[in-house]
Amino acid sequence: VVKNQEKSLSNLYWCPEMSTFQNPIAHEDYEGNSPFINLRSVAADELLRIRRDTRQSVLHDIRDRVEQVGSELTGGGTFHVSITGHGLGAACATIAGYFFAADTELELHLASAVRVFTYSS
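These figures come from a predicted structure and were not determined experimentally. (Residues numbered from 1 in each chain as written. Predicted model: local features only at pLDDT ≥ 70, side-chain atom pairs only at ≥ 80, totals over all residues. Heavy atoms only, no water.)

**Focus: the overall build of the protein**
Line of reasoning, step 1. When helices and strands are counted, the protein shows five helices and four strands.
Line of reasoning, step 2. N-terminal to C-terminal, the α/β element order of the protein is α-β-β-α-α-β-α-α-β.
Line of reasoning, step 3. The 121 residues of the protein split such that 26% are buried. (Helix = DSSP H or I, 4+ residues; strand = E, 2+ residues; numbered from the N terminus. Buried < 20%, exposed > 50% of the residue type's maximum accessible area, 1.4 Å probe, protein only.)

What follows is the structure in structure tokens.
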């Protein structure tokens, strides 16, 4: 016996609940700005979760490495940051780009705005 089930997007695609994170541009003054942002993404949960060993987010570790490598390659000068991704990597690239662009410390080392290129996101 086969029962007739109503199909919906929620049955076809698994979508996690919203996760709340601190907004890196909460200090900016504009209507609708909030101290928190809600993201519905497995990528956000993985990038922004706090690691037990370093007590920093994975994204923070990536950001530190980007700054270190960029400074090494330019002899302490400024450098460009481009982030790319496809599919789930595109979600990671979008989130990283947003947080890197809002990072005032990283901005001091950048020669241009953070660029993000995504495919099939």
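**With respect to the packing of helix α3 (residues 58–74) against helix α4 (residues 88–102)**
Line of reasoning, step 1. Interaxial distance between α3 and α4 falls to 11 Å at its minimum, and their mutual angle equals 65 degrees. Crossing of α3 against α4: the hand is right-handed. Along its contact with α3, which presents Leu59, Ile62, Arg63 and Val66, the element α4 presents Ala96, Phe99 and Phe100.
Line of reasoning, step 2. Of the residues contributing to the contact of α3 with α4, the split by class is six nonpolar, no polar and one charged. (Axes fitted to C-alpha atoms, helices over the stretch in contact; angles between N-to-C directions. Left-handed = near helix turned anticlockwise from the far one by under 90°. Contact = heavy atoms within 4.5 Å. Nonpolar A, V, L, I, M, F, W, Y, C, P; charged D, E, K, R; others polar.)

**Examining the confidence of the model for the protein**
Line of reasoning, step 1. Averaged over every residue, the pLDDT of the protein is 86; the share at 70 or more is 86%.
Line of reasoning, step 2. Low pLDDT (under 50) marks residues 1–13, which in the prediction has one contact with non-local residues, meaning those over four places away or in another chain. (pLDDT = per-residue confidence, 0-100.)

**So, the nonpolar core**
Line of reasoning, step 1. With 18 residues, the main nonpolar core has Leu48, Leu59, Val81, Ile83, Ile95 and Phe100 as its most contacted residues.
Line of reasoning, step 2. When contributions to this core are tallied by element, the ones reaching two or more residues are α2 (42–48) and α4.
Line of reasoning, step 3. In terms of residues, this core owes the most to one element, α4, which gives five residues.
Line of reasoning, step 4. Those residues within four positions of Phe100 in sequence are excluded, and the remaining contacts are Leu59, Ile62, Arg63, Val66, Val81, Ile83, Leu106 and Val114. (Core = buried A, V, L, I, M, F, W, Y, C linked by side-chain atoms within 4.5 Å.)

**Details of the packing of aromatic side chains**
Line of reasoning, step 1. With the rule as written, the count across this model stands at one aromatic pair.
Line of reasoning, step 2. A centroid spacing of 5.5 Å and a plane angle of 90 degrees characterise the contact between Tyr98 and Phe99, whose relative ring orientation is edge-to-face. (Phe/Tyr/Trp six-rings, centres within 6.5 Å; stacked < 30°, edge-to-face > 60°.)

**Notes on unusual backbone geometry**
Line of reasoning, step 1. Even without a glycine there, the phi angle at Arg55 is positive, about 60 degrees.
Line of reasoning, step 2. Within the element layout of this structure, Arg55 appears in the loop between α2 and α3.

**Here's the deal with the environment of Gly97**
Line of reasoning, step 1. By the secondary structure assignment, Gly97 is in helix α4.
Line of reasoning, step 2. Taking C-alpha positions, Gly97 is 6.7 Å from Ile83, a pair spaced 14 residues apart along the chain.
Line of reasoning, step 3. Excluding its chain neighbours within four sequence positions, the residues that come into contact with Gly97 are Ile83, Val114 and Val116.

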